[in-house]
Amino acid sequence: MMGINKNAVQVMAEIVSNKKVGAYNHIVFSVGDIANHAKPGNFVAIAVGGANSAMVLRRAFAIYRTFDKGNSGGLLEIVVAPHGAGSTWLTNQAPGFKVDLIAPLGTAFGIPTQPVRALLVGGGYGSAPLFGLSEVLKNRGCRVDMVLGASTAMKIYAPLDGKRSVNSLTIVTEDGTTGLTGKVTDVLGDIIETNEIDIIYSCGPMGMLEAINQISSNFGVVHQCAIEESMACGIGVCMTCVLPIKGEDGVVRMLRSCIDGPVVDGDTVIWNSKRTIPDGTWGAH
Amino acid sequence: MFNFETSLGQASFANPIFTASGCAGSGRELSQFFELTELGAVVTKSIMLKPRSGRATPRMAETPSGMLNSIGLQGPGIDIFLEKDIPWLRDQGANIVVSIAGESVEDYAVLARKLRSVSGISALEVNISCPNVENRGQVFACHPETARAAIEAVRRNIGGELPIIAKLTPDVTSIAMIAEEVVAAGADALALINTVLGMVIDTNTMRPKLAGKTGGLSGPAIRPVAVRAIYQVHEAMPQVKILGMGGVATGRDAFELILAGASAVSIGTATFGNPTAVMKIKEELKAGLIAHGFDSLKEAVGYAHRVEGNL
Ligand SMILES: Cc1cc2nc3c(=O)[nH]c(=O)nc-3n(C[C@H](O)[C@H](O)[C@H](O)COP(=O)(O)OP(=O)(O)OC[C@H]3O[C@@H](n4cnc5c(N)ncnc54)[C@H](O)[C@@H]3O)c2cc1C
Ligand SMILES: Cc1cc2nc3c(=O)[nH]c(=O)nc-3n(C[C@H](O)[C@H](O)[C@H](O)COP(=O)(O)O)c2cc1C
Ligand code: FES
């Protein structure tokens, strides 16, 4: 069992900018030193609704990227889909407003020591953490292909500078409003074969991650995915965010996705276990 | 000098602000945000005899000013807990209250035996009220006989001086009656209240949202229930110390529970929204007590019960 990200701190972070991009809001926070410690895959937990809010729990968002601006302080960026009341409240806050933010939290994408051929797959706002990852991989001499998918064009998040950071970008939408028509999983097999992919990194809805994992298993390619489980605290104290993961000893345990995740090895996850505890899980009875 | 000290049974604490069982793990994560020695005590997650996977997910639903949970007492079991968590907490210099939960009266007896010789523990909180375990209809604290049997089993086996704090559920017709029963069975103090049984139905799937269907409601939504329970029990047995909890998010809220009769206050759900909530609440409570003219915490305990006409 792992511990909390040792760099995690709580700060009051001022919103520096908040802009609508397609179906999402791109929000930039001034976070000081946190920017130096956040790694691609880490997330932030933000208190929403203001001081007397009826929303008592934090909301989790993947870190899109961070900048160290030297003396003027570090910046941290996220991409938010207005989903329910909490995320919508956040997208409505103006620059100058300060939010209570904890970061960096959770695990990060593992970076290979060798220059490998990587395929990054993002669903909806799940693309956000992949651009920072892509930069790190490119700096290590990796080839980076990217596939982004969503139901519709508005839900593809692919800023220009992000596009430049990859060797190839394939976009797939279910309604065909941009790119190819279909799902990301329709195109993965071809890319894995043609580009001789060594590792897949993914972020998006659980169903998509599970489908990607089936493909990566079939091809014998390593798959690291950032999962999204409902979280009450984000810091490892509530045990609400668990999912069944097989350890190196072969034992399946209910692990906290905010501590042992969000980035996990796809082959260790017991997929499709919502609403059940898989047989043989440690402590099941 | 303002005196913030408090006691539960024979155990003394430097201040009355504790974590709530199940809302702080065993302290490791929170120790990244503040020194655990700043707390009156760390109350650890209820530990059972054997490792336990807990319930399937979803385990959580946010509700207005609260949340519903059905964790199902996930944990490593008492042996690993004693090997890993207790020594670590001792090294931190934290004041430790261990919470235990059992599935049978015998479980409580065995747990008490395993804990009796462990050093560095201030008190035992006996969770006889978790509504999340299997056989939900049979929550110990819902029936006088089973509540009594569980506490008696701990009393018989704990030996020595370790105070027993019995943690009760508010989901009963008369909490004062159950409280009298467990005190007669040997409880030194009471922890009030555990979560309130509830349910959320997802109107999209049109099924209960939690995999366990029902869950325990916590957070500010249940604070009036906690205040009522503490008030009634303190009225019935003013000599029995109460560790109060339920929806405390500010120093003012902690003060409210103290006025009702709590000698110490545990903070649960507020920690999920803010890992440093306990520190904030502690400072606010102290400032509030001083502003109201109290020289000590003890003077404020149960102050709402003073007879009409008195100031
Ligand atoms: C590790 C992680 C990274 C995430 N990254 C992003 C991101 O980059 N951009 C983004 O827009 N969203 C992201 N999400 C999802 C985001 O946290 C939810 O959309 C948000 O919590 C919904 O809150 P709400 O009040 O708007 O919705 P409500 O449905 O009203 O929320 C009610 C409760 O359910 C929880 N909840 C609801 N949906 C989710 C969900 N999908 N995941 C986790 N908790 C949920 C909330 O935290 C809240 O406690 C991420 C989630 C996790 C766990
Ligand atoms: C996620 C969660 C887990 C809990 N686990 C336990 C537990 O293991 N043992 C216990 O006695 N109470 C448990 N509780 C109940 C709390 O200790 C507390 O009694 C209750 O939540 C009310 O306080 P609050 O409103 O401050 O959270 C749990 C509560 C929550 C929200
Ligand atoms: S969200 Fe609370 S333990 Fe992971």
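The rules behind the values
- Residues numbered from 1 in each chain as written.
- Chains lettered and ligands numbered in written order.
- Predicted model: local features only at pLDDT ≥ 70, side-chain atom pairs only at ≥ 80, totals over all residues.
- Heavy atoms only, no water.
- Helix = DSSP H or I, 4+ residues; strand = E, 2+ residues; numbered from the N terminus.
- Rg over C-alpha atoms; globule rule 2.2 N^0.38 Å.
- Buried < 20%, exposed > 50% of the residue type's maximum accessible area, 1.4 Å probe, protein only.
- Contact = heavy atoms within 4.5 Å.
- Areas by Shrake-Rupley, 256 points an atom, 1.4 Å probe, with all protein chains shown as cover.
- Lys, Arg positive; Asp, Glu negative; His and termini not counted.
- Charge placed at Lys NZ, Arg CZ, Asp CG, Glu CD.
- Phe/Tyr/Trp six-rings, centres within 6.5 Å; stacked < 30°, edge-to-face > 60°.
- Lys NZ or Arg CZ within 6 Å of the ring centre and 35° of its normal.
- Domains from an automatic or database assignment.
- Buried area = accessible area lost by both parts, 1.4 Å probe.
- Salt bridge = Lys/Arg side-chain N within 4 Å of Asp/Glu carboxyl O.
- Pairing = 2+ DSSP bridges.
- Axes fitted to C-alpha atoms, helices over the stretch in contact; angles between N-to-C directions.
- Nonpolar A, V, L, I, M, F, W, Y, C, P; charged D, E, K, R; others polar.
- pLDDT = per-residue confidence, 0-100.
- Near = heavy atom within 4 Å.
- Polar contact = N/O pair within 3.5 Å; in protein donor to acceptor, adjacent residues only side chain to side chain.

Attention now moves to the overall build of chain A. Along its length, chain A carries six helices and 16 strands. Taken against the 2.2 N^0.38 rule, which gives 19 Å for 285 residues, the C-alpha radius of gyration of chain A at 18 Å falls within 12% of a compact globule. If one aligns the C-alpha atoms of chain A with their principal axes, the spans along those axes are about 50 × 50 × 40 Å. When the 285 residues of chain A are sorted by exposure, 56% land in the buried category. Counting contacts in chain A only where the partners sit at least 6 residues apart, residues at least 24 apart contribute 64% of the total. Here chain A displays about 11900 Å² of accessible surface, and carbon together with sulfur accounts for 50% of that area. Each charge class in chain A was averaged separately, 22 positive and 24 negative side chains, and the resulting centres sit 7 Å apart.

This part is about the packing of aromatic side chains. With the rule as written, the count across this model stands at 11 aromatic pairs over all chains. Both rings, one in A:Trp89 and one in A:Phe97, keep their centres 5.7 Å apart while their planes meet at 75°; by these two values the pair is edge-to-face. A relative accessible area of 32% places A:Phe97 in the partly exposed class. Judged by centre distance (5.2 Å) and plane angle (90°), the rings of B:Phe294 and B:Tyr303 are edge-to-face. Above the plane of the ring of A:Trp282 lies A:Arg253, whose end atom (NZ or CZ) is 5.6 Å from the centre.

Bringing the domain arrangement of chain A into the picture now. Residues and elements named next belong to chain A. We note that the domain assignment places domain 1 (9–105), domain 2 (117–226) and domain 3 (229–285) within chain A. Centre-to-centre, using C-alpha coordinates, domain 2 lies 24 Å away from domain 3. Where domain 2 abuts domain 3, roughly 840 Å² becomes buried across the two surfaces, and 58% of that area is made up of carbon and sulfur atoms. The largest share of the area that domain 2 buries against domain 3 comes from Met 206, Glu 210 and Cys 225, three residues that together contribute 51% of it. Here domain 2 and domain 3 share zero salt bridges between them. Elements with a contribution of two residues or more to the side of domain 2 that touches domain 3: α6 (206–219) and β13 (222–226). Residue contributions to the side of domain 2 that touches domain 3 peak at five residues, all from α6.

What follows deals with the sheet that holds strand β9 (residues 143–150) of chain A. Residue and element names in this part refer to chain A. Read from one edge of the open sheet, seven strands run β11-β10-β9-β8-β12-β13-β16, paired in mixed fashion. Of all strands in the sheet, those with a lone pairing partner are β11 (180–181) and β16 (263–265), marking the two edges. Relative to β13, strand β12 (residues 199–203) runs parallel, the two being bridged by five bridges. Bridge pairing links Ile 199 to Val 222 in β13. Contacts from helix α5 (residues 184–194) reach β8 (117–123), β9, β10 (168–173), β11 and β12 within the one sheet, and its direction differs from that of β9 by about 165°.

What follows covers the interface of chain A and chain B. Listed by partner, the interface residues are 40 residues for chain A and 42 residues for chain B. When chain A packs against chain B, the two sides together hide about 3100 Å² of surface, and 59% of this comes from carbon and sulfur. Counting the contacts that link chain A with chain B gives two salt bridges. Between A:Arg59 and B:Glu62 there is a salt bridge, with its nearest N and O atoms 2.6 Å apart. Listing elements by their share of the side of chain A that touches chain B, those giving two or more residues are β1 (9–21), β7 (98–105) and β15 (252–256) of chain A. For the side of chain A that touches chain B, the per-class residue count stands at 22 nonpolar, 10 polar and eight charged.

Time to look at the confidence of the model for chain B. Of the residues in chain B, 97% have a pLDDT of 70 or more, and the chain-wide mean is 94. Both scores are given for the predicted complex: the pTM is 0.96, the ipTM 0.94.

This part covers the site of ligand 2. Near ligand 2 lie 24 residues; those nearest to it are B:Ser21, B:Ser46, B:Lys167, B:Gly247 and B:Thr269. Each of chains A and B places residues next to ligand 2. At a separation of 3.0 Å, an oxygen atom of ligand 2 approaches a polar backbone atom of B:Gly268. B:Thr269 places a side-chain nitrogen or oxygen 2.6 Å from an oxygen atom of ligand 2. Across the shell around ligand 2, the residue classes tally to nine nonpolar, 13 polar and two charged.

What follows concerns the sheet that holds strand β5 (residues 60–63) of chain B. All names here are of chain B. With antiparallel pairing, the four strands of this open sheet are ordered in space as β5-β6-β14-β11. Edge positions in the open sheet fall to β5 and β11 (196–199), since each of these has one partner strand only. Recorded for the sheet is a direction-independent mean angle of 35° between the axes of neighbouring strands. Pairing geometry for β11 and strand β14 (residues 214–218), over four bridges, is antiparallel. Counted as the bridge partner of Gly 198 is Gly 215 from β14.

Once that is clear, we can look at the site of ligand 1. In the vicinity of ligand 1 there are 22 residues, among which A:Ala60, A:Ala81, A:Gly86, A:Ser87 and A:Glu228 approach most closely. Around ligand 1, the nearby residues trace back to chains A and B. Contacts to ligand 1 include A:Gly84, whose backbone N or O atom sits 2.8 Å from an oxygen atom. Contacts to ligand 1 include A:Ser87, whose side-chain N or O atom sits 2.4 Å from an oxygen atom. Its free accessible area being 830 Å², ligand 1 has 85% of it covered by the protein chains. Breaking the shell around ligand 1 down by element, the ones donating at least two residues are β4 (59–62), β6 (74–80) and α2 (85–91) of chain A together with β5 of chain B. Here the shell around ligand 1 gets four residues from one element, more than from any other, and that element is β4(A). Of the residues that constitute the shell around ligand 1, the class distribution is 12 nonpolar, five polar and five charged. Shared between two domains, the shell around ligand 1 takes at least three residues from each, and those domains are domain 1 (9–105) and domain 3 (229–285) of chain A.

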